[in-house]
Amino acid sequence: ERISLWGGRFAGGPAEALAALSKSTDFDWRLAGYDIAGSRAHARVLHRAGLLDEAELSDMLAALDTLQEQVDSGEFQPELSDEDVHSALERGLLEIAGPELGGKLRAGRSRNDQIATLGRMYLRDSARIIAGQVLDVVESLIAQAEAHPDAPMPGRTHLQHAQPVLLAHHLLAHAWPLLRDVDRLIDFDDRAAVSPYGSGALAGSSLGLDPQAVAAELGFRDSVENSIDGTAARDVFAEFAFVTAMIGVDLSRLSEEIILWATKEFSFVVLDDAFSTGSSIMPQKKNPDVAELTRGKAGRLIGDLTGLLATLKAMPLAYNRDLQEDKEPVFDAVDTLTLLLPAFSGMVATLEFNTERMAHLAPRGFALATDVAEWLVRQGVPFRVAHELAGAAVKLAESRDCELWDLTDEDYAGISEHLTPQMREVLSTEGSIDSRSSKGGTARSAVAAQLDSARAELSRL
Ligand code: ARG
């Protein structure tokens with residue numbers, strides 16, 4: 001028989017189709033532990049308000065402990081007739097504590113303030129787990145950077161050869177956005193650390209309960225200032241969904257590069273066997289599936305965010321049942337990232353770089369032309385002119401199908417008297433890289449300093 005949370009004003013139970021539509025235990029059961037923790041805190045404030053006596057409080061807490069054990073062991077589970085995690089657990093409590101005592105716990109709280117609070121608790125815990133896993137990816141990137149302190153590679157803009165850079169510099173360029181994502185999760189946590197419990201359905205409670213005591217017991221730094229906001233707001237959920245989508249997008253950019261780097265044409269990396277897959281038909285295939293799944297799941301994480309935002313758009317205050325749709329997107333984001341991130345850090349940690357090939361290609365495609373122009377500037381030639389002269393050298397080399405360093409001293413003298421043989425000192429990958437030594441540049445000295453900063457940031461977070 002269905003144990004309903006209402007009934008007084010109803011002639012009968014809900015239609016089967018409505019019950020099926022309404023039911024959320026398939027996804028909200030993962031909040032059961034948080035709901036029970038909330039119930040414990042709520043029982044204590046009921047006691048302090050004189051609504052549970054000493055014996056009732058201790059029986060209530062004991063019953064909640066038993067319920068938690070039964071949930072943990074799987075002995076207690078939601079039934080088809082339970083609408084949501086709250087109604088299922090109330091049924092469980094009534095079974096353990098009896099209807100007399102069990103029926104007292106619902107005073108002064110609503111599923112509206114409960115669910116808003118549980119969601120924040122769950123997301124705060126999840127943010128911690130995800131942050132740790134993102135930092136594992138960062139650790140893999142930093143370790144690869146440290147393992148290749150002076151290996152050059154072609155630096156690209158528009159996917160065209162631009163200027164040589166250090167591989168370590170490029171890898172760290174993927175680490176910094178991830179460090180900022182972890183910083184964003186910490187920021188998120190500060191805003192999520194405010195408890196809606198005590199807001200009731202929307203207007204607060206008349207029973208003299210103390211929302212701040214509940215907040216403190218549940219690990220929040222405060223309770224909400226506004227009970228309507230407390231029950232209706234989901235911007236904190238959306239912020240979480242944004243950060244998880246951003247993490248997906250950041251990982252997808254490195255994924256795309258790894259996929260390119262693993263092609264025959266690039267041949268910059270070899271993926272470890274443990275982090276690549278084969279083909280059912282083509283015996284030679286070794287596929288970068290971790291990177292491809294990451295790229296694909298980034299789309300899914302963006303969908304989680306936009307779906308949630310669409311649900312929230314134009315929703316009037318305060319609680320509306322639409323808000324039940326707030327959970328699956330963020331749960332999916334959590335499940336997606338916690339599955340993805342360990343595979344991703346494993347893939348990065350085990351990448352093998354073909355540093356010889358990268359070094360060979362680093363200066364090609366006239367990637368040292370900027371060095372020629374900047375050398376001319378150091379000789380006092382205005383940059384506009386210097387740019388033209390270096391461009392003329394590129395044009396000549398291109399017409400001869402050779403590189404800048406293959407042109408003769410006479411070729412250079414023919415372009416300009418300023419292009420003396422001394423200019424050749426910058427026509428090398430190493431010279432080009434080490435000349436960019438100011439903060440944030442690609443010189444070995446600057447990248448060594450950057451590595452220290454990245455390590456420091458990693459240990460701060
Ligand atoms: N299951 C609902 C949710 O996830 C919470 C219950 C509030 N329901 C209600 N009819 N007031 O948002």
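Reading the values: rules and limits
Residues numbered from 1 in each chain as written. Predicted model: local features only at pLDDT ≥ 70, side-chain atom pairs only at ≥ 80, totals over all residues. Helix = DSSP H or I, 4+ residues; strand = E, 2+ residues; numbered from the N terminus. Rg over C-alpha atoms; globule rule 2.2 N^0.38 Å. Buried ≥ 20, exposed ≤ 12 C-beta atoms within 10 Å, placed from the backbone. Contact = placed C-beta atoms within 7 Å. UniProt positions renumbered as here; feature names shortened; annotations may be inferred. Core = buried A, V, L, I, M, F, W, Y, C linked by C-beta atoms within 7 Å. pLDDT = per-residue confidence, 0-100. Expected span 1.5 Å × (residues − 1). Arc of directions from axis to C-beta.

Draft legend 1. Spatial organisation of the overall build of the chain. Broken down by element type, the chain carries 18 helices and six strands. Relative to the 2.2 N^0.38 estimate, which gives 23 Å for 461 residues, the radius of gyration of the chain is 31 Å and therefore markedly larger than a compact globule would have. With the C-alpha coordinates of the chain rotated into their principal frame, the extents come out at 100 × 55 × 40 Å. Looking at the chain as a whole, 40% of its 461 residues qualify as buried. Counting only contacts in the chain whose residues sit at least 6 apart along the sequence, the fraction spanning at least 24 positions is 74%.

Draft legend 2. Structural context of unusual backbone geometry. With an omega of 0 degrees, the peptide bond between Leu317 and Ala318 qualifies as cis. For Ala318, the position within the fold is in the loop between helix H11 (289–312) and helix H12 (327–349). The phi torsion at Ser267 lies on the positive side, around 50 degrees, for a residue other than glycine. Here Ser267 lies in the loop between helix H10 (235–261) and strand E5 (269–270). Here Phe366, not a glycine, exhibits a phi torsion of approximately 60 degrees, which is positive. Take Phe366: it is sitting in the loop between helix H13 (355–361) and helix H14 (369–378). The exposure class of Phe366 is partly exposed, given the 18 C-beta atoms found within 10 Å.

Draft legend 3. Examining the UniProt feature "domain: Argininosuccinate lyase C-terminal" (unreviewed entry) in the chain more closely. The sites that carry the UniProt feature "domain: Argininosuccinate lyase C-terminal" (unreviewed entry) are, in the present numbering, residues 366–433. Structurally, residues 366–433 comprises 57% helix and 0% strand, and the distance from its first C-alpha atom to its last is 14 Å.

Draft legend 4. Structural detail: the UniProt feature "domain: Fumarate lyase N-terminal" (unreviewed entry) in the chain. Annotation from UniProt places "domain: Fumarate lyase N-terminal" (unreviewed entry) at residues 16–303. Spanning residues 16–303, this segment combines 64% helix with 7% strand, and its end C-alpha atoms are found 31 Å apart.

Draft legend 5. Geometry of the nonpolar core. Val134, Val138, Leu141, Ala175, Phe240, Ala241 and Val372 are the most contacted members of the largest nonpolar core, which totals 106 residues. Counting residues per element, this core draws most heavily on helix H6 (residues 111–147), which supplies 16 residues. Once you skip the residues sitting within four places of it in the chain, Leu141 turns out to touch Leu171, Leu172, His174, Ala175 and Val348.

Draft legend 6. A look at the confidence of the model for the chain. Averaged over the chain, the pLDDT score is 96; the fraction of residues at 70 or greater is 99%. Overall fold confidence (pTM) sits at 0.96, and the ipTM for the predicted complex is 0.92.

Draft legend 7. Examining helix H18 (residues 444–460) more closely. For H18, which comprises 17 residues, the first-to-last C-alpha distance of 24 Å matches the rise-based estimate of 24 Å (1.5 Å per residue) to within 8%. The set of residues buried in H18 consists of Val447, Gln450 and Ala454. The buried residues of H18 occupy one face: seen down the axis, they fall within an arc of 55 degrees. Along H18, the residues that are exposed and aim more than 90 degrees away from the buried face are Ser445, Asp452, Ala456, Ser459 and Arg460. Buried residues along H18 sit against H6, strand E2 (160–166) and helix H7 (167–192).

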